[in-house]
Amino acid sequence: MLALVNGDYAAKGNGLAAVSGKEAVLQRVLMKLTARRGQFPFMENFGSQLWTLGQLHHAERQVAAEQYVTEALADETGLKVDSVTLADSGGTAKLTVVITAEETQLTAEVALQ
């Protein structure tokens, strides 16, 4: 899988960098969590609805975040969502997702507007 840095392919020498193993899993997870679900033609189920959390009442956001993360990662075989934590602070929310993939626990963090 090609490496992404801030949404762009990462260069390596005269070509592009690649990731594998844990890094590839985390990259796929981050792509699915940050992409807006339904925005990719022919891939209607790719991405998440996390971008809509700001439209919900504060009390509903944690449960919705858990649902949206589970929904976005549902097609990832061998991956288990262990926890989803949403922390709001002054208009920017931080989402922390702990997953287990191949008996290894990984943490993905996403900043939400």
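Look up: the structure comes first, before these words.
Report follows, based on the coordinates. (Residues numbered from 1 in each chain as written. Predicted model: local features only at pLDDT ≥ 70, side-chain atom pairs only at ≥ 80, totals over all residues. Heavy atoms only, no water.)

### Points about the nonpolar core
Thinking step 1. By size, the foremost hydrophobic cluster in this structure holds 23 residues, and its most contacted members are Leu33, Leu50 and Leu95.
Thinking step 2. Of all elements in the fold, only helix H1 (22–34), helix H2 (61–72), strand S5 (79–89), strand S6 (92–101) and strand S7 (104–112) reach the threshold of two or more residues within this core. (Core = buried A, V, L, I, M, F, W, Y, C linked by side-chain atoms within 4.5 Å. Buried < 20%, exposed > 50% of the residue type's maximum accessible area, 1.4 Å probe, protein only. Helix = DSSP H or I, 4+ residues; strand = E, 2+ residues; numbered from the N terminus.)

### A short note on the sheet that holds S7
Thinking step 1. The strand order across the open sheet formed by 3 strands is S5-S6-S7, and the pairing between neighbours is antiparallel. The two strands at the open ends of the sheet, each matched to only one other strand, are S5 and S7. For this sheet, the mean angle separating the axes of adjacent strands, direction not counted, is 15°.
Thinking step 2. Direction of pairing for S5 relative to S6: antiparallel, over a ladder of 10 bridges. By the bridge assignment for S6, aspartate 88 is matched with alanine 93.
Thinking step 3. Each of S5, S6 and S7 is contacted by H1, which is oriented at about 35° to S7, the strand it contacts most.
Thinking step 4. This element, H2, spans S5 and S6 of the sheet and lies at about 145° to S5. (Pairing = 2+ DSSP bridges. Axes fitted to C-alpha atoms, helices over the stretch in contact; angles between N-to-C directions. Contact = heavy atoms within 4.5 Å.)

Treat this as a map of the structure, not an account of what it does.
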